[in-house]
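Take a look at the letters that make up each chain.
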Amino acid sequence: MTSSSAASSSSSAASSSAATVSRGPDPEPPGPRTGPAPRGGGPARVSRRGRARTGWFFASPALLVIATVTVFSVLFSLLLSFADVRLEYGGFRILSLTGDHYAAVLSSPEWRHALVFTFGFTAVTVFLELVLGTAAALVLERLGAARGWVLAVLLLPWALINVVAAQLWGYLFNGTYGGLTWLFEQLLGHQPDILGQPASAMGAMVVVDVWKTTPFVAIVVLAGLMLIPGDVYEAAEIDGAGAWTTFWKVTLPQLRPIMAIAVLFRILQAFGIFDLPFVLTQGGPGTATESLAILGYKTLFQNLDIGRGAAVATTTAVIVIGCCLLFLRVFRTQADEGGRA
Amino acid sequence: MSRRAPASGIRRYLNPVNLGGLAIVVLSTLPLYWMIASSFKGPGEISAAPPSLVPESATLGNYAEAFVRNGIGRYLLNSVLVASVSTVAVLGLSFFAGYALARTPLRGRGAIMTALLMLSVFPPIALVVPLFLLERQLGLLNSYAGLIVPYVALNLPFALWIMRNYLVGIPRELEEAATVDGAGPLRTVLTVIAPLARPGLFTAGIFTFTATWAEFLLALTFNSEDGHRTVPVGIALFTSQYTVPYGTLFAGAVAATVPIGVLVMIFRRSIVSGMTSGAVKG
């Protein structure tokens, strides 16, 4: 096991170590120089160039699929966002190229509203999921024998289809006979129209998303907790740190890298949210819960405004990628300062 | 680890950790229980004003309705087909490419890995337009291939990432031994690496299957015609009628959840280790 883990850690420095090894094209097969000396009578070792050819042979089908479908779509979408597109029977035609869509999108109140809502939804849900997920992970870590079972139960909401979760909570929030509506009626004395009011509809969406995806954060953070070496805690205990201090000064800094990955994942998903508002609120009441993805969908498939829809989609993609890069940069500087990368 | 002296009797179990565990279990399962219970309630009971915790007169009528009248069986079949073909294709492609990226001296490997990460970041809404126009042109709307091809392409980057991280951890000596014995690269990969990679394949497979099983946006826009609808679209469009037949809806929802729930329970260790390694190495 030691040799294998050593091998894995040495090669999981991956690109860097491999790059040094394979730097520059080898004019001739290097022969016995690289590996251990060939055993007597064994076939000659495969040349580096031969191995690279094998590599391309194995990798090209997957890379080809990704390139033709995904990369092509990204570029085509970019083109469409500058185009006036007319749908015709069985096809489409690009009439002209303009930059008008972006001007129209960026100055439209619908887009601004969707942007604010999407940002707010992402910030609130990701924050709540991080706090609750960390709390759940701390509980799970201490549970002992029951941990396996609780973990299994946690996977159920995570595995539930988003659309099913949206329908289920739509029933619970239903204005006339939903279970939660009934509960609130007992507590407040009147029947709240949860999905019919902008503020409570947004709150309902947050509740459903937090319910469904906190398990993901909890499991990832739990994995991080398991990696913290025990002697760190012993040292903290010797220093006389209380539970609270230990958590803030020892546990949390150690968890930061893994939390960053979980948060990044969640930001990406929350920012592109589509199925939850589509089913739970249809973006309503009015446009209260209209996310950027819903706005893009409506522009594309209800108004059949292809160019403008592509522009909405592109702005979403640019913001997502921008957020990612910014987040990674901020996190990396923090991690460098914090010592543990 | 435990600093407190053990208390006696029932108070031994009434500590914050156990109460937290209980809260996690109740919060996770109560809504799901509500869905299952409601799927057995008759039309009067499902809208009754104090809602009943246990179905008073349990009926299978909703299930009959969902399968016979609403064709949920057809949607399930479509979903099983699309998700499993996509998963098999993703596994095949990502296994070989993952091996290449983990083990062979490809030039530009770092650039490829970065590009893969950037691509898996792209929000689906940005890909829907071009793919829709393309599929419309090619006559692929409302076909299985029209969903499988984009699903494979969209799930490949992440699966490849998992496979590559897994294969990097397999000791090199094993395949070297096979090479010395005279096996060609393809045979080495299939007979030596593939069996060792099984846990990685399970992880990539379960993530791909759950993602394709639940995918909604592309399925809604590309395959909205009844015969090719997948489960999420079928369940979402239940509401488009004027009153929501919740009993039937939940029967369909339970039918859509059971297969994925069983899979997740069987492969739960792969899921947890996948989230873990994805988070640690990603």
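Thresholds applied
- Residues numbered from 1 in each chain as written.
- Chains lettered and ligands numbered in written order.
- Predicted model: local features only at pLDDT ≥ 70, side-chain atom pairs only at ≥ 80, totals over all residues.
- Heavy atoms only, no water.
- UniProt positions renumbered as here; feature names shortened; annotations may be inferred.
- Helix = DSSP H or I, 4+ residues; strand = E, 2+ residues; numbered from the N terminus.
- Rg over C-alpha atoms; globule rule 2.2 N^0.38 Å.
- Buried < 20%, exposed > 50% of the residue type's maximum accessible area, 1.4 Å probe, protein only.
- Contact = heavy atoms within 4.5 Å.
- Areas by Shrake-Rupley, 256 points an atom, 1.4 Å probe, with all protein chains shown as cover.
- Lys, Arg positive; Asp, Glu negative; His and termini not counted.
- Charge placed at Lys NZ, Arg CZ, Asp CG, Glu CD.
- Core = buried A, V, L, I, M, F, W, Y, C linked by side-chain atoms within 4.5 Å.
- Pairing = 2+ DSSP bridges.
- Salt bridge = Lys/Arg side-chain N within 4 Å of Asp/Glu carboxyl O.
- Polar contact = N/O pair within 3.5 Å; in protein donor to acceptor, adjacent residues only side chain to side chain.
- Expected span 1.5 Å × (residues − 1).
- Axes fitted to C-alpha atoms, helices over the stretch in contact; angles between N-to-C directions.
- Parallel < 35°, antiparallel > 145°, perpendicular 65-115°, else oblique.
- Left-handed = near helix turned anticlockwise from the far one by under 90°.
- Nonpolar A, V, L, I, M, F, W, Y, C, P; charged D, E, K, R; others polar.
- Buried area = accessible area lost by both parts, 1.4 Å probe.

The name an unreviewed UniProt entry assigns to chain B is ABC transporter permease, from the organism Streptomyces tubercidicus. You can read under Subcellular location (unreviewed entry) in the UniProt record for chain B the words "Cell membrane". Checking UniProt for chain B, the heading Sequence similarities (unreviewed entry) contains the comment "Belongs to the binding-protein-dependent transport system permease family."

Participant: How should I be thinking about the overall build of chain B in this particular structure?
Facilitator: Regarding its fold elements, chain B presents 14 helices and zero strands. Of the regular secondary structure in chain B, the N- to C-terminal order runs α-α-α-α-α-α-α-α-α-α-α-α-α-α. Its C-alpha radius of gyration of 24 Å places chain B more than 25% over the 19 Å reference for a compact globule of 282 residues. Looking at chain B as a whole, 51% of its 282 residues qualify as buried. When contacts within chain B are restricted to residue pairs at least 6 apart in sequence, those whose partners lie at least 24 apart make up 73%. Accessible surface, chain B: about 12400 Å² in total, of which carbon and sulfur atoms supply 67%. When the 19 positive and 11 negative side-chain charges of chain B are each reduced to one mean point, those points stand 12 Å apart.

Participant: Would you mind going over the nonpolar core with me for this structure?
Facilitator: Within soluble globular proteins, side chains that are nonpolar tend to cluster in buried spots. Within the largest apolar cluster, 180 residues are counted, with the highest numbers of intra-cluster contacts made by A:F274, B:M35, B:F95, B:L167 and B:I235. Examining the composition of this core, we find that 15 residues originate from one element, helix 9 (residues 198-227) of chain A, more than from any other.

Participant: Got a minute to help me understand the pairing of strand 1 (residues 83-88) of chain A in this structure?
Facilitator: Consecutive residues of a regular strand have side chains that alternate between opposite faces of the sheet. Residue and element names in this part refer to chain A. When strand 1 meets strand 2 (residues 91-97), the two strands line up antiparallel, connected through six bridges. Counterpart to A83 in the pairing with strand 2 is L97. Turn length for the strand 1-strand 2 hairpin, with the two strands adjacent in sequence and antiparallel, is two residues, and the turn residue G90 shows positive phi of about 75 degrees.

Participant: Got a minute to help me understand the side chain of B:K41 in this structure?
Facilitator: Residue and element names in this part refer to chain B. Counting through the fold element by element, K41 comes out in the loop between helix 1 (16-39) and helix 2 (43-46). E45 is the oppositely charged side chain nearest to the buried, salt-bridge-free K41, at an N-O distance of 5.1 Å. At 2.7 Å, the side chain of K41 and the backbone oxygen of S52 are in polar contact. Not counting residues up to four positions away in its chain, the partners in contact with K41 are W34, I46, S52, P55, T59 and N62.

Participant: Even after reading the chapter, I still don't get helix 5 (residues 109-121) of chain B, so can you show me in this structure?
Facilitator: Side chains of residues three or four places apart in an α-helix project in the same direction, reflecting 3.6 residues per turn. Its 13 residues give helix 5 of chain B an end-to-end C-alpha distance of 19 Å, which sits within 8% of 18 Å, the value for a rise of 1.5 Å per residue. Within helix 5 of chain B, burial applies to B:R109, B:I112, B:M113, B:L116, B:L119 and B:V121.

Participant: Quick question: what am I supposed to make of the packing of helix 5 of chain B against helix 7 (residues 144-168) of chain B here?
Facilitator: Residues and elements named next belong to chain B. Packing of helix 5 against helix 7 leaves a shortest axis separation of 9 Å and a crossing angle of 135 degrees. Classified by the angle between their axes, helix 5 and helix 7 sit oblique to one another. Considering how the two elements wind past one another, helix 5 and helix 7 form a crossing that is left-handed. For the pair formed by helix 5 and helix 7, the contact residues are M113, L116, L117 and S120 on the first element and P157, L160, W161 and R164 on the second. Across the contact of helix 5 with helix 7, the residue classes tally to six nonpolar, one polar and one charged.

Participant: How should I be thinking about the interface of chain A and chain B in this particular structure?
Facilitator: Every contact between the two is made by 93 residues of chain A and, on the other side, 104 residues of chain B. Taking both sides of the interface into account, the surface hidden between chain A and chain B amounts to around 8800 Å²; carbon and sulfur atoms contribute 81%. Applying the counting rule to chain A against chain B returns zero salt bridges. Where chain A touches chain B, the interface holds six residue pairs in polar contact (both at pLDDT 80 or more). Of the residues that constitute the side of chain A that touches chain B, the class distribution is 67 nonpolar, 19 polar and seven charged.

Participant: What exactly am I supposed to notice about the side chain of A:S108 here?
Facilitator: Along the chain, the position of A:S108 falls in the loop between helix 4 (100-107) and helix 5 (109-142). Among the polar contacts listed, one links the side chain of A:S108 to the backbone oxygen of A:V105, at a separation of 2.9 Å.

Participant: How do you make sense of the pattern of salt bridges when you look at a structure like this?
Facilitator: Pairing between side chains of opposite charge can happen when the charged atoms of each approach one another. All names here are of chain A. Summed over the entire model, instances satisfying the criterion amount to eight salt bridges over all chains. Across the salt bridge formed by E129 and R266, the nearest N and O atoms sit 2.7 Å from each other. Of this pair, E129 sits in helix 5 while R266 sits in helix 11 (residues 243-271), and the two are 137 residues apart along the sequence. R266 shares its class with E129; the two are buried. Salt bridges sharing partners connect three or more residues here, namely R86, E88 and R93.

Participant: Would you mind showing me how to read unusual backbone geometry here?
Facilitator: Glycine aside, residues mostly have negative phi, and peptide bonds are mostly found in the trans state. For the bond running from A:G284 to A:P285, omega is 0 degrees, close enough to zero to count as cis. Considering the arrangement of structural elements, one finds A:P285 in the loop between helix 12 (275-280) and helix 13 (292-302). The backbone phi angle of A:Q282 is positive, close to 55 degrees, even though this residue is not glycine. Inspection of the secondary structure assignment puts A:Q282 in the loop between helix 12 and helix 13. Positive phi values are uncommon outside glycine, yet B:N142 reaches one of about 55 degrees.

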